[in-house]
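Structural features, examined
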Amino acid sequence: MNRRKFLQWSAFTAPLLAYKTTGNIEKPIVVSTWDSGMPVNAEAWKILKEGGKSLDAVEAGARYIEDEINCCVGLGGYPDRDGIVTLDACIMDENANCGAVAAVERIKHPVSLARKVMEKTPHVLLAGAGAQQFALENGFALEPAILSKDAENAYQQWLKKSEYKPVINIENKKENGPFAPPFFEDGSANHDTMGLLAIDAQGNLSGAVTTSGMAFKLHGRVGDSPIIGAGLYVDNAIGAATSSGVGEEVIRICGTHLVVEYMRNGYSSQMACKKACDRIIQRDREKAKQIQVGFLAINKQGEYGAYAIQKGFVFSVKNSKENKIVPAKYFFG
Ligand code: SD4
């Protein structure tokens, strides 16, 4: 085979080979954190299946769960230790455009506010009162400052001890004993973060995250979720990643940026997530045994994967062939 023929051959087969190694992943595709990602994916899918943009899809998915008043994301989420719900969100597109809001109160759709920050300002992140002011100036309504029934109950339980020991995202709480917050007697989980990643029919990647953050946090505390490179990172040439769990540990290692960099170096999505979890564990193994962090990633070819420190992290996948919940692998079970 001469050089010209080889180049013609490889131009033709290389994409096929790349496609094959990813196990024939169908695009468009959307993946999101937790089992609550199923209806979120369904919402995003309405846009993706019509050939819509991944940015619009992830925003729509995040908005769906922000609307769920009985869910731990959005204004229905758990409050901070002062009884106030403060929300964090971010969004990022295929051109590294990104926007975020942190510690914003009484705004129903922080993900859309994050998108406004991205599209209407020269900034990336607005916080607190300034974020709320920007929301009102841009037509967002000021919602009443009330707690959902679930959040009110959980807060009243928490107030009995007012113990400043936030616990999140460790599943199977009854089994896990020491990790179990007392207010989850039915073993249900505190999924207060939704992270979504999508690839549209044009092959472009976007992601979004929305959360009420860690329950009973200090007022003003901001986690990883609205921090680009921590709770979300998108590099259209390589892939995207999102995280859930103890945000402080994710911020310390610039978690999702790290996952994307591992993918750039050739690791699969799952292995990249595993290596990022391991980075947290290597820093302080004993501490890591007490906390949960999970990463979810998708590469440019649509190959997705996740990994968590503890057992129990799951994610949801939707494309034209699959609609399922997948349990992530983990270090400590
Ligand atoms: C935070 N990472 O605020 C979020 C919490 C979370 O499911 O993921 N909860 O630290």
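Cut-off values and rules
- Residues numbered from 1 in each chain as written.
- Predicted model: local features only at pLDDT ≥ 70, side-chain atom pairs only at ≥ 80, totals over all residues.
- Heavy atoms only, no water.
- Core = buried A, V, L, I, M, F, W, Y, C linked by side-chain atoms within 4.5 Å.
- Buried < 20%, exposed > 50% of the residue type's maximum accessible area, 1.4 Å probe, protein only.
- Helix = DSSP H or I, 4+ residues; strand = E, 2+ residues; numbered from the N terminus.
- Phe/Tyr/Trp six-rings, centres within 6.5 Å; stacked < 30°, edge-to-face > 60°.
- Expected span 1.5 Å × (residues − 1).
- Arc of directions from axis to C-beta.
- Contact = heavy atoms within 4.5 Å.

1. What about the nonpolar core?
Where a protein is soluble and globular, its nonpolar side chains tend to be buried together. Counting residues in hydrophobic clusters, the biggest one holds 53 residues, and the most contacted among them are Ile29, Val31, Val259, Phe295, Ile298, Tyr304 and Ile309. Sorting elements by how many residues they give to this core places helix α10 (residues 269-283) first, with 6 residues. Within the second largest apolar cluster, 34 residues are counted, among which are Ala44, Ala57, Cys71 and Ile91.

2. Observations concerning the packing of aromatic side chains
All told, the structure shown has 9 aromatic pairs when counted by the stated rule. Between Tyr78 and Phe216, the ring centres sit 5.9 Å apart and the planes meet at 10°, which makes this aromatic pair stacked. With Tyr78 in the loop between α3 (54-67) and β2 (87-92) and Phe216 in the loop between β6 (205-211) and β7 (232-235), this residue pair connects regions lying 138 residues apart in the sequence. The exposure class of Tyr78 is buried, given its relative accessible area of 8%. Geometrically, the ring pair formed by Trp158 and Phe216 is stacked, given 5.0 Å between the ring centres and 15° between the ring planes. With Trp158 in helix α6 (residues 149-161) and Phe216 in the loop between β6 and β7, this pair connects stretches of sequence that are 58 residues apart. By the burial criterion, Trp158 is buried, and Phe216 matches it. One aromatic cluster in this structure is built from Tyr78, Tyr155, Trp158 and Phe216.

3. A closer look at helix α2 (residues 37-48)
Working note: α-helix, 3.6 residues per turn, so residues spaced by three or four point in the same direction. Taking 1.5 Å as the rise per residue, α2 with 12 residues should run 16 Å; its terminal C-alpha atoms sit 15 Å apart, in good agreement. Buried within α2 we find Gly37, Val40, Asn41, Ala44, Trp45 and Leu48. Down the axis of α2, the buried side of the element spans an arc of 140°, and every buried residue falls inside it. The secondary structure elements touched by the buried residues of α2 are β1 (29-33), α3, β5 (193-199) and β11 (314-319).

On their own, these measurements won't tell you what the molecule is for.
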